[in-house]
Amino acid sequence: MLSITGYVFINNTASGRKFGSRVNHMTILIEKQDSKYVVFVNMSRDEKRLMYLLKDLKGVVNHDKKVMLKFQHPEHEVIVMTDDIDTAKKFKEDLISLAKNLNLHIEELFPHGILIQFGNIVGCRTLQNMDVSTLRIIALENCNLPNLPEGLGNLTISCLSLNGSKLYIPTSGSNTVWNWMTKRKISTSLNMLEINSMGLERLPSEIVYLKKIRILSVSNNKIKYIPHFICLLRELKSLYVDGNMMKFLPESLWCIMFRKINISNNNFDDYVPVEREHSNYLYQAPTLLDLSSLTLLNNEVRYIKDDIPFTLWTCSDLIGRCRLCRKLMLLDRNHELFFYAMPRTEKMIEMKAIFWQYFECRPSCIRF
């Protein structure tokens, strides 16, 4: 049984009628009745109790202290305004969890009202009635973004720019910043992603789900290392990594023939790789943590970071493939090698040769 209490408002999208109460707190209750899950809403003493079948719930959205439930039969939007942010967030998360357990498909909708808070569209009243499903380009630039709603991933946008925005990225605990990348709609629609000048120290591992990315720009950040999993973006054709702190790039990028690439203003000139003798190193069996990380990436398991232990979060940055046998492996300096070459590209800004990192699980290419 789930419940949430607050000011409740009903929007009948079919008739246009809106009603609710700011006088008394009402309760929305979800419970099982006659083998069906039912959503009950007690509006007031003067109005009858409203009932909806949970299977008719099309989508849910949570923003700040508000939660909206969108039903398709009848076409109602049920909005509850709670007293605090945590209550609203927990109700939405519990509802999504219940729906998954019942094999019900409930979309986490994008809160169109959130757009009103951003930069150059402040005061734009027309957004209240805008159908965000028609959006194809979103630019949230030079904004203070405490988070990005997961519902962003349910939009079929082709271009997203977050340039210059400040985004709170926790170093431990719950991290939902990049969960929107794991949604299926955006993973098949997003062609261009710009996350320049955001102070990023690493690429989010969730970016591997954006299978249609053709242009990726991460200029003017603090990135020291591009993970080898970047090769999973098989349609990537233009890459801008200028103005970062990188000393080398993964060999998986050298194998791509780019249309355009910009690698200027990094630390490539300051790096001299250490020569290693592979025959002196012994093979070490992987830990269960290593195997878990390799399995997730090898099977392209679609997950959000809240679904896996914190210890697995950083492992995806440390996974590559052996150059000889192509098996996935945890990157180990004992197996690290470099070669010096130019990027493969039709057009590059500030052309230069750099070091490319690759790995060989010598001496015997043991498979596990």
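Calculation notes
- The residue numbers shown here count from 1 along each chain, following its written sequence.
- Where totals are concerned, whole chains, interfaces and linings use all residues; where local detail is concerned, this predicted model gives features only for residues with pLDDT of at least 70, and gives and counts side-chain atom pairs only at 80 or more.
- Side-chain numbers here rest on the full set of heavy atoms in the structure, without hydrogens or water.
- Each helix corresponds to a stretch of at least 4 residues labelled H or I by DSSP, and each strand to a stretch of at least 2 residues labelled E; elements are numbered beginning at the N terminus.
- Burial classes follow relative accessibility: with a 1.4 Å probe on protein chains only, a residue under 20% of its type's maximum area counts as buried, one over 50% as exposed, and anything between as partly exposed.
- Should any heavy atoms of two residues lie within 4.5 Å, those residues are considered in contact.
- We get accessible surface area from the Shrake-Rupley algorithm with a probe of 1.4 Å; when it comes to residues, only the shown protein chains can shield them.
- Strand pairing is assigned whenever DSSP detects at least two bridges linking the two strands.
- The term salt bridge refers to a side-chain nitrogen of Lys or Arg lying within 4 Å of a carboxyl oxygen of Asp or Glu.
- Axis lines are fitted through C-alpha atoms, for helices just across the contact stretch, and the angle between N-to-C directions can take any value from 0 to 180 degrees.
- Any pair of nitrogen or oxygen atoms within 3.5 Å is treated as a polar contact; in protein, a donor-acceptor pairing is required on top of that, and neighbouring residues in sequence qualify only through side-chain atoms on both sides.
- When two rings of Phe, Tyr or Trp (its six-membered ring) have centres within 6.5 Å they constitute a pair, described as stacked for plane angles under 30 degrees, edge-to-face for angles over 60, and tilted for the intermediate range.
- We count a charge as sitting over a ring when the NZ of a lysine or the CZ of an arginine lies within 6 Å of the ring centre and within 35 degrees of the ring normal.
- We score Asp and Glu as negative and Lys and Arg as positive, and we do not count His or the chain ends.

Time to look at the overall build of the protein chain. Scanning the protein chain for helices and strands turns up four helices and 23 strands. Here the protein chain, with 368 residues, has 50% of them falling under the buried criterion. When contacts within the protein chain are restricted to residue pairs at least 6 apart in sequence, long-range pairs at least 24 apart make up 49% of them. Accessible surface, the protein chain: about 19,300 Å² in total, of which carbon and sulfur atoms supply 50%.

Further remarks concern the pairing of strand β5 (residues 50-53). Only one face of β5 is buried: it carries L50 and Y52, and the other face, with M51 and L53, is open. Relative to β5, strand β4 (residues 36-41) runs antiparallel, the two sharing four bridges. Of the residues in β5, the one forming a bridge with F40 is M51.

Glancing now at the pattern of salt bridges. What the rule picks out here adds up to six salt bridges. Among the salt bridges present, the one from K55 reaches D56, with a minimum N-O distance of 3.5 Å.

Strand pairing within a sheet occurs via backbone hydrogen bonds; the two strands may be parallel or antiparallel. With parallel pairing, the seven strands of this open sheet are ordered in space as β10-β12-β14-β15-β16-β18-β22. Strands with a single pairing partner mark the edges of an open sheet, and in this sheet they are β10 (137-139) and β22 (345-349). Going across the sheet, the axis of each strand differs from the next one's by a mean of 5°, ignoring polarity. As paired strands, strand β15 (residues 215-217) and strand β16 (residues 238-240) are joined by three bridges and run parallel to one another. Note on β16: the bridge partner recorded for L216 is L239.

What follows deals with the side chain of T82. Within the secondary structure layout, T82 lies in the loop between β8 (76-81) and α1 (85-101). When its relative accessible area of 4% is taken as the criterion, T82 is described as buried. Polar contacts involving the side chain of T82 include one to the main-chain carbonyl oxygen of K65, which spans 2.8 Å. Polar contacts involving the side chain of T82 include one to the main-chain carbonyl oxygen of D84, which spans 2.9 Å. Not counting chain neighbours up to four residues away, the residues in contact with T82 comprise I4, T5, K65, T87 and A88.

Looking now at the packing of aromatic side chains. The description of two aromatic rings rests on the distance between their centres and on the angle between their planes. Enumeration according to the criterion identifies 10 aromatic pairs in this entry. Their ring planes at 80° and their centres at 6.3 Å tell us that Y271 and F355 sit as a pair that is edge-to-face. Placement of Y271 in the loop between β18 (258-262) and α4 (288-298) and of F355 in strand β23 (residues 354-359) is noted, with a sequence separation of 84 residues between them. Pair check on accessibility: Y271 and F355 agree, each one buried. Look at Y340 and F355: their rings are 4.9 Å apart centre to centre, the planes differ by 55°, and that puts the pair in the tilted class. Linking Y340 in strand β21 (residues 336-341) with F355 in strand β23, this pair joins segments that are 15 residues apart in sequence. Residue classification places Y340 among the exposed residues on the basis of a relative accessible area of 52%. Members of the aromatic cluster, joined through ring pairs, are Y225, F248, Y271, F338, Y340 and F355. The aromatic ring of W254 is capped on one face by R344, whose charged end is 5.2 Å from the ring centroid.

The residue E194 is located in strand β14 (residues 192-194) in this model. Of the side chains with opposite charge, K260 comes closest to the buried, unpaired E194, at an N-O distance of 11 Å. Not counting residues up to four positions away in its chain, the partners in contact with E194 are L160, S161, L162, N163 and S217.

What follows concerns unusual backbone geometry. Both trends apply: most residues other than glycine have a negative phi, and most peptide bonds are in trans. In the segment running from H73 into P74, the intervening peptide bond is cis, with an omega of -5°. Structurally, the position occupied by P74 is in the loop between β7 (66-71) and β8. If you check the backbone angles, S197 has positive phi at about 55° while not being a glycine. Residue position: S197 is located in the loop between β14 and β15. Judged by relative accessible area, S197 falls into the partly exposed class, the value being 38%. Located in the positive-phi region is N265, a residue other than glycine, with phi close to 55°. Here N265 shows up in the loop between β18 and α4. Residue class for N265 comes out exposed when judged on its relative accessible area of 57%.

Keep in mind these numbers describe shape, not what the thing actually does.
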